[in-house]
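Residues per chain, in single letters:
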Amino acid sequence: MSTTTFEFTPENLREFGDILSRYPQPRAALLQVLHLAQEQNGYISEDVEAYVARLMNLPIVDIREVVTFYSLYFRRPMGRHHIRVCMSISCMLGDCDVIRDHLRTRLGVAPGGVTADGSFSWEAIPDCLGACELAPMMQLDGEYFGNLTPQKVDEILKKARLED
Amino acid sequence: MPIVKLVSEYFGNEQAKSLDWYRQNGGYEAARRAIFEMAPKQVTDEVIKSNLRGLGGAGFPTGKKWSFVPADDSKPKYLTVNADEAEPGTFKDRYILEWDPHRLIEGIIICSWAVGIHKAYIYVRGEYVRPYRILKAAVEEAYKEGILGEHVLGADFKLDVHIHRGAGAYICGEETGLLESLEGKKGWPRLKPPFPAIIGLFNCPTVINNVETLSHLRNIILKGGEWFADIGVDRNGGTRLFALSGRVKRPGVYELPMGTPMRELIYEHGDGIAGDRQLKAIIPGGASAPVLTADQVDIPMTFDDLAKVGSMLGSAGIVVMDESVCMVKAMHTIADFFAHESCGQCTPCRQGTGWVYRIVSRILDGHGSVDDMKTLESAKKNMSGTSICALSDGAAMAYGGFLSKFPEEFEYHIKHKKCDLQEKRMAVA
């Protein structure tokens, strides 16, 4: 058995207790606990899985099953900023192909990749982000950006880089 | 028909999400009236009278759904609010969460009073970060002011409301997938029966209602069920938030009476087709709803009228396509979505969505064969009625729409290895 190096900060440990108190069954807290762990660690490593399993008294396989089922949990380090380009029907009608191709050129990595400097990671996703009135649109670090053009994408990337 | 603002009344109003402002404008008066002046059954009766139907997409009568919860069960009862809005082309609940979170909380109180519920969970899709933050602030404010908690609005009635964030899975919008996800598991839908009203969250009786559905309760209590029913048409009460997108000049969320024809939504409220091109096709209720052709634009938007023509109003996400849109590409986009989002539990869906995506991909790429149409038809047939939840049926319905309404486009792609609209598309671009 290897020891894990990940553990919640004291503040997050308190938050963990608060999350548990919302549910009559502790297992129900798992998705929220994984969100919290990902916020702290950037992704769900095997270390994080082992820690959460111990903390919640669940087999690791239960954690792995959940982590791999949901698309918002990362299983490897991502960029400091993460971009999701919506490729769903309304964005397709808004020519999201152009935005995807532009991002590929600008970032120099294929979807799923991380830029060499670690600034950005990105995905082109077939599931709808629920902002079709803004097509074509994308999400950067949780925030939505719409009515995109290649120029607008460049400005958004530039601004995000400045924040680093 | 005129725009009737019931749940969209405060869209665009920056102040409305503050509790102070909401209360100054009559907020929580309906919840107060329900708790202090009405017996739970009276509230349910009013909702039954209103003909309010489930606005997440299934359209099941709301009051009837509540009445299935056994009154004499000793187990706790739960309300789960479905804010896992993820049907492609749908974005109306996001507006409620972002602009008017207290209207939803007030609806939660009214429903909980009617059914005898003391704990509610709002399941918000993980991608909705901003809506989550706004809703969280509103719930915290409501607790602080004694609107939620041990004594709701000072009454001898306890109600806790928690927000549960999803983590990126369309299937969790399916009500039993949502329950599994709430219990900390992967979102694999459950076999029904038993229905959630009897055995739902944590094996207890559970009501699952959509954000927009609950948001109508404030007005139904204040103005009465009959008033609400009169706004709509027969058996389809009130208004609906129509999320309009695609090739229109003015996409957005429009609240209109049930029964408004699609033409009015697209040409009046949406200001017509982008570039003044010709209308070609309409998806009337999110990606699962079979596509309609331009000559069907006068159909009134009700659950029943769209079901009659073999499609559905579903989530009321209306996606507009003009003459320059390739239907093979449109189906390809939707097939990609379903293949990505099938949860993998049932073989016909897991395999079928993948097959269809790969076949349509090769047709689009100019590698289709004449047998492909037959294979698509058979995949579609074998995906209907053969799986636990409706995702597979919805995908099959969507495929069927494209294949039956626009077969010539698929045949052209297969025969000529290219799109006959390519030149047209180029000219438009």
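Model, not experiment: these values are computed from the prediction.

Parameters at a glance
- Residues numbered from 1 in each chain as written.
- Chains lettered and ligands numbered in written order.
- Predicted model: local features only at pLDDT ≥ 70, side-chain atom pairs only at ≥ 80, totals over all residues.
- Contact = placed C-beta atoms within 7 Å.
- Helix = DSSP H or I, 4+ residues; strand = E, 2+ residues; numbered from the N terminus.
- Nonpolar A, V, L, I, M, F, W, Y, C, P; charged D, E, K, R; others polar.
- Core = buried A, V, L, I, M, F, W, Y, C linked by C-beta atoms within 7 Å.
- Buried ≥ 20, exposed ≤ 12 C-beta atoms within 10 Å, placed from the backbone.
- Pairing = 2+ DSSP bridges.
- Axes fitted to C-alpha atoms, helices over the stretch in contact; angles between N-to-C directions.
- Domains from an automatic or database assignment.
- Expected span 1.5 Å × (residues − 1).
- Parallel < 35°, antiparallel > 145°, perpendicular 65-115°, else oblique.
- Left-handed = near helix turned anticlockwise from the far one by under 90°.
- pLDDT = per-residue confidence, 0-100.

Enquirer: Please set out the interface of chain B and chain A residue by residue, giving values where relevant.
Expert: Taken together, the contact between chain B and chain A spans 42 residues of the former and 33 residues of the latter. Looking at the side of chain B that touches chain A, the elements that each hand over two or more residues are strand 3 (160-165), helix 8 (175-182), strand 5 (239-246), strand 9 (317-322) and helix 14 (327-341) of chain B. Looking at the side of chain B that touches chain A, its residues break down into 19 nonpolar, 13 polar and ten charged.

Enquirer: Tell me about the nonpolar core, and please be specific about residues and values.
Expert: Within the largest apolar cluster, 180 residues are counted, with the highest numbers of intra-cluster contacts made by V85(A) and I110(B). Apart from the residues lying within four places of it in its own chain, the contact partners of I110(B) are A30(B), A31(B), A34(B), V43(B), L217(B) and I221(B).

Enquirer: I'd love a proper account of the environment of Q40(A), names of residues and values included.
Expert: All names here are of chain A. Tracing the sequence through the fold places Q40 in helix 2 (residues 30-41). Residue Q40 is classed as partly exposed on the basis of its C-beta count, with 15 C-beta atoms lying within 10 Å. In the structure, Q40 is positioned 99 residues away from Q139 in sequence and 20 Å away in space, judged by C-alpha atoms. The contact partners of Q40, leaving out residues within four places of it in the chain, are F8, T9 and N12.

Enquirer: Now, about the sheet that holds strand 3 of chain B: what can you tell me, with residues and values included?
Expert: Residues and elements named next belong to chain B. The sheet built from four strands is open, its strands ordered 3-2-1-4 with parallel pairing. Of all the strands in the sheet, just strand 3 and strand 4 (206-210) have a single pairing partner and so form its edges. Strand-to-strand twist of the sheet, defined as the mean angle between neighbouring strand axes without regard to direction, takes the value 20 degrees.

Enquirer: Which residues make up the domain arrangement of chain A, and what values go with them?
Expert: When its domains are assigned, chain A resolves into domain 1 (10-69) and domain 2 (81-163). Using C-alpha coordinates to define each centre, domain 1 of chain A is positioned 29 Å away from domain 2 of chain A.

Enquirer: Break down the pairing of strand 1 (residues 78-83) of chain B for me, citing the residues and quoting the values.
Expert: Residue and element names in this part refer to chain B. Among the six residues that make up strand 1, six are buried, leaving the element largely enclosed by the rest of the structure. The alternating pattern of strand 1 places Y78, T80 and N82 on one face and L79, V81 and A83 on the opposite face, and all of these are buried. Relative to strand 2 (residues 119-124), strand 1 is paired through six bridges, and the arrangement is parallel. In the strand pairing of strand 2, V81 is matched with I122. For strand 1 and strand 4, the ladder comprises five bridges, and the chain directions are parallel. The partner of T80 across the bridge, within strand 4, is I208.

Enquirer: I'd love a proper account of unusual backbone geometry, names of residues and values included.
Expert: In the segment running from A135(A) into P136(A), the intervening peptide bond is cis, with an omega of -10 degrees. Here P136(A) shows up in the loop between strand 2 (120-125) and strand 3 (138-140). The amide bond that connects K192(B) to the next residue, P193(B), takes the cis arrangement and shows omega of -5 degrees. In the Ramachandran plot, N57(A) falls in the positive-phi region, its phi being about 55 degrees despite a non-glycine side chain.

Enquirer: Describe in detail the domain arrangement of chain B, supporting the description with residues and values.
Expert: Residues and elements named next belong to chain B. When its domains are assigned, chain B resolves into domain 1 (19-231), domain 2 (239-322) and domain 3 (327-428). The centre of domain 1, based on its C-alpha atoms, is set 27 Å off from the matching centre of domain 2. In this complex, domain 1 contributes 14 residues to the contact, which on the side of domain 2 involves 19 residues. Within the side of domain 1 that touches domain 2, the residues separate by chemical class into five nonpolar, five polar and four charged.

Enquirer: So what's going on with helix 17 (residues 391-405) of chain B? Residues and values would help.
Expert: Residues and elements named next belong to chain B. Along its 15 residues, helix 17 runs 21 Å from first to last C-alpha, staying within 8% of the 21 Å computed at 1.5 Å per residue. Of all 15 residues in helix 17, twelve are buried; the element is thus mostly enclosed. Residues of helix 17 that are buried include every one of L391, S392, G394, A395, A396, M397, A398, Y399, G400, G401, F402 and L403, and no others. On the buried face of helix 17, the contacting elements are helix 14, helix 15 (347-364), helix 16 (371-382) and helix 18 (407-416).

Enquirer: Give a description of the sheet that holds strand 1 (residues 81-86) of chain A that names residues and reports values.
Expert: Two modes of strand pairing occur in sheets, parallel and antiparallel, and in both the strands are linked by backbone hydrogen bonds. Residues and elements named next belong to chain A. Read across the open sheet, the four strands follow the order 2-1-3-4; overall the sheet is mixed. This sheet does not close on itself; its edge strands, each paired only once, are strand 2 and strand 4 (143-145). For this sheet the average axis-to-axis angle between neighbouring strands, irrespective of direction, equals 20 degrees. Pairing between strand 1 and strand 3: three bridges, direction antiparallel. Within strand 3, the position partnered with R84 by the bridge is Q139. On the sheet, helix 6 (residues 96-107) packs against strand 1, strand 2 and strand 3 and is oriented at approximately 155 degrees with respect to strand 1.

Enquirer: Quick one: what's the story with the packing of helix 6 (residues 101-115) of chain B against helix 7 (residues 129-144) of chain B, residue by residue and with numbers?
Expert: Residues and elements named next belong to chain B. Interaxial distance between helix 6 and helix 7 falls to 9 Å at its minimum, and their mutual angle equals 55 degrees. With respect to each other, helix 6 and helix 7 are oriented oblique. Considering only the axes of helix 6 and helix 7, their crossing is right-handed. Contacts between helix 6 and helix 7 involve P101, H102 and I105 from the former and I134, L135, A138, V139 and A142 from the latter.

Enquirer: Residue-level account of the confidence of the model for chain B, with values.
Expert: Of all residues in chain B, 97% attain a pLDDT of 70 or more, and the chain-wide mean is 96. Scoring of the predicted complex yields 0.97 for pTM and 0.97 for ipTM.

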